[in-house]
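What follows is each chain in one-letter form.
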Amino acid sequence: MATKNIMIVGVGGQGTLLTSRILGGITLKAGYDVKLSEVHGMAQRGGSVVTFVRYGESVAEPIVEEGQADVLIAFERLEALRYAHFLKKDGAIVVNDYRIDPMTVVIGAAKYPENIIENLEKDHNVYKINAMEEAKKLGNSKVFNIIVLGMAAKHMDFKKEEWLEVIENTVPPKTIEINKKAFLLGYEG
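About the cut-offs
Residues numbered from 1 in each chain as written. Predicted model: local features only at pLDDT ≥ 70, side-chain atom pairs only at ≥ 80, totals over all residues. Heavy atoms only, no water. Salt bridge = Lys/Arg side-chain N within 4 Å of Asp/Glu carboxyl O. Buried < 20%, exposed > 50% of the residue type's maximum accessible area, 1.4 Å probe, protein only. Helix = DSSP H or I, 4+ residues; strand = E, 2+ residues; numbered from the N terminus. Phe/Tyr/Trp six-rings, centres within 6.5 Å; stacked < 30°, edge-to-face > 60°. Lys NZ or Arg CZ within 6 Å of the ring centre and 35° of its normal.

Considerations on the pattern of salt bridges
Logical step 1: Overall, the coordinates contain 10 salt bridges when judged by the stated rule.
Logical step 2: Taking the shortest distance from any N to any O, the salt bridge between Asp 33 and Lys 35 comes out at 3.4 Å.
Logical step 3: On the basis of relative accessible area, Asp 33 is assigned to the partly exposed category, the value being 24%.
Logical step 4: Lys 35 gets classed as partly exposed once you look at its relative accessible area, which sits at 25%.
Logical step 5: Between Asp 101 and Arg 99 there is a salt bridge, with its nearest N and O atoms 2.6 Å apart.
Logical step 6: Taking relative accessible area as the criterion, Asp 101 reaches 32% and is therefore assigned partly exposed.

In structure tokens, the structure reads:
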């Protein structure tokens, strides 16, 4: 199997690390060589966070080059736009249709771009979900990232049961059921 390249992008505090741990767990369980790499823009909440997950028979390095990502998982619209150039021509962007203003917008130094998803759809395969709204309906807004992961899982090589098992072994015990529900909502939605 050729090496698969997954990118997870979001802002600090959105669960990027947990999501990459679940992805790393499922790829290891399947017997692949896995490399993970995290790149923090600003470490505090609100800064850009990027995680690369590469898996295959033998993976030399953890960094995904521009134009090489098979799947771009974006927890926020602007982050999807910011990193779309990493996607392969036939790759998929799975995006949480949600807005978080970066500091430059908050202080008035920049404007938040309009029609981000519509513009991304012109050049890319885009799958969108307002995972924050869906997570609130489940009763826990923190699981929105697992909803997005569920949607992205459809574009990867693993069975639903394998995902659920890894989620069970990765998330805190008290949150197993809500995280499984969140995953299934994204996966089956």
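Notes on unusual backbone geometry
Logical step 1: Even without being glycine, Asn 115 reaches a positive phi, approximately 50°.
Logical step 2: Here Asn 115 lies in the loop between helix 3 (103-106) and helix 4 (116-123).
Logical step 3: We classify Asn 115 as partly exposed; its relative accessible area is 47%.

Some details on the packing of aromatic side chains
Logical step 1: One pass over the full model with this rule turns up nine aromatic pairs.
Logical step 2: Seen in terms of ring centroids, Tyr 32 and Tyr 55 are 5.4 Å apart; in terms of plane orientation they differ by 50°. Their pairing is tilted. With Tyr 32 in the loop between helix 1 (16-29) and strand 2 (33-40) and Tyr 55 in strand 3 (residues 48-56), this residue pair connects regions lying 23 residues apart in the sequence. Pair check on accessibility: Tyr 32 and Tyr 55 agree, each one buried.
Logical step 3: For the pair Tyr 55 and Phe 158, a centre-to-centre distance of 5.5 Å together with 45° between the ring planes defines the contact as tilted. Placement of Tyr 55 in strand 3 and of Phe 158 in the loop between helix 6 (144-153) and helix 7 (160-170) is noted, with a sequence separation of 103 residues between them.
Logical step 4: Judged by its relative accessible area of 0%, Tyr 55 falls in the buried class.
Logical step 5: Over the ring of Tyr 112 we find Arg 99, and its NZ or CZ is 4.0 Å from the ring centre.

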